[in-house]
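Results of the structural survey
Residues per chain, in single letters:
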Amino acid sequence: MNFRKNFVFGFIGALALTAAFDVRAASQEVIYKIHDIHPLKDDTEITACEFSLTLFNRSDLTVNNLSLDIGWKDDVIENKIKEEKAEKVVDRKSGVRGYTGQSQTEKFTSKMVSTNVSVPPLQPGKQISVRSKINTDRCFLMMQTPELIVRKCSMGGSGDGDKTAGVCNDLFKYVSPVDGEYYTEFKEISYEEEKAQEIQQNIEEKKELDQLYGNAVSSVRRISETLNSMQ
């Protein structure tokens with residue numbers, strides 16, 4: 001009886017640990033949503049689209065140095081490009097039949113509408129919103145599921161190295177308006193909080209630009225010193 005009792009309790013304990021591990025593993029993600037899409041007009045024509053990107057860090061690590069490419073594919077344009085490239089042609093001299101392999105639409109209109117967004121440090125259990133803009137008149141595409149590529153990312157302390165794109169891409173989960181988490185997992189953010197986050201983002205971007213400028217100046221100085229020593 002004791003053996004059976006111990007076995008049952010041990011089995012239940014193992015299940016509990018497995019469940020706890022699954023919950024912990026499932027929580028290692030950053031959920032994000034796209035909202036407040038607003039077309040910008042020049043007189044009567046739409047010239048750009050503003051939108052907000054809100055991220056909530058459900059992992060137990062701080063996400064730093066985050067740079068994201070966010071884009072939406074225009075299926076209508078993509079199909080038009082494919083059709084034009086597949087149009088049949090006949091060479092007048094040789095009589096060889098083939099396909100154009102070219103698209104006039106592709107020369108002037110991209111099948112992707114995209115932009116890069118830099119995100120300030122995102123601590124565990126915290127949420128942040130970033131306002132961004134895309135120079136396009138196809139704002140309606142932003143109602144669809146976006147494609148996200150992580151260009152730069154580090155996790156943990158500030159001294160931790162950058163993660164590979166594959167690792168960080170797996171970290172992010174898109175939440176659409178038809179998903180219940182869209183309304184339950186994100187908190188409302190005040191105007192003051194949003195402005196504070198924008199200021200912090202500008203500070204981070206300026207810091208990065210200053211560093212790049214300093215590196216460029218140092219490189220020029222070293223080249224000048226090398227040239228002078230050769231004279």
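See above for the structure.
Keep in mind that what you see is a predicted model, and the values were worked out from it rather than measured.

Notes on the packing of aromatic side chains
The full count for this structure, using the stated rule, is three aromatic pairs. Here Tyr32 and Tyr174 contribute two aromatic rings whose centre-to-centre distance is 5.5 Å and whose plane-to-plane angle is 55°, an arrangement assigned as tilted. Residue Tyr32 is located in strand β1 (residues 30-42), and its partner Tyr174 is located in strand β9 (residues 172-174); the two are separated by 142 residues in the primary sequence. Exposure remark for Tyr174: the relative accessible area of 17% places this residue in the buried category. Aromatic side chains Phe51 and Trp72 sit 5.7 Å apart centroid to centroid with 85° between the ring planes, which places their arrangement in the edge-to-face category. Taken together, the positions of Phe51 in strand β2 (residues 45-57) and Trp72 in strand β3 (residues 63-73) put the pair 21 residues apart, joining distant regions of the chain. The ring of Tyr182 is capped by Lys33, whose NZ or CZ atom sits 4.5 Å from the centre of that ring.

Looking at the sheet that holds β1
Taken in spatial order, the four strands line up as β7-β2-β1-β9 in an open sheet, and their pairing is mixed. Every other strand in the sheet has two partners, leaving β7 (127-134) and β9 as the edge strands with one partner each. Neighbour-to-neighbour, the strand axes of this sheet turn through a mean angle of 30°, independent of strand direction. Relative to β7, β2 runs antiparallel, the two sharing eight bridges. Paired with Phe56 across the strands is Gln127, a residue of β7.

Criteria and cut-off values
- Residues numbered from 1 in each chain as written.
- Predicted model: local features only at pLDDT ≥ 70, side-chain atom pairs only at ≥ 80, totals over all residues.
- Heavy atoms only, no water.
- Phe/Tyr/Trp six-rings, centres within 6.5 Å; stacked < 30°, edge-to-face > 60°.
- Helix = DSSP H or I, 4+ residues; strand = E, 2+ residues; numbered from the N terminus.
- Buried < 20%, exposed > 50% of the residue type's maximum accessible area, 1.4 Å probe, protein only.
- Lys NZ or Arg CZ within 6 Å of the ring centre and 35° of its normal.
- Pairing = 2+ DSSP bridges.
- Axes fitted to C-alpha atoms, helices over the stretch in contact; angles between N-to-C directions.

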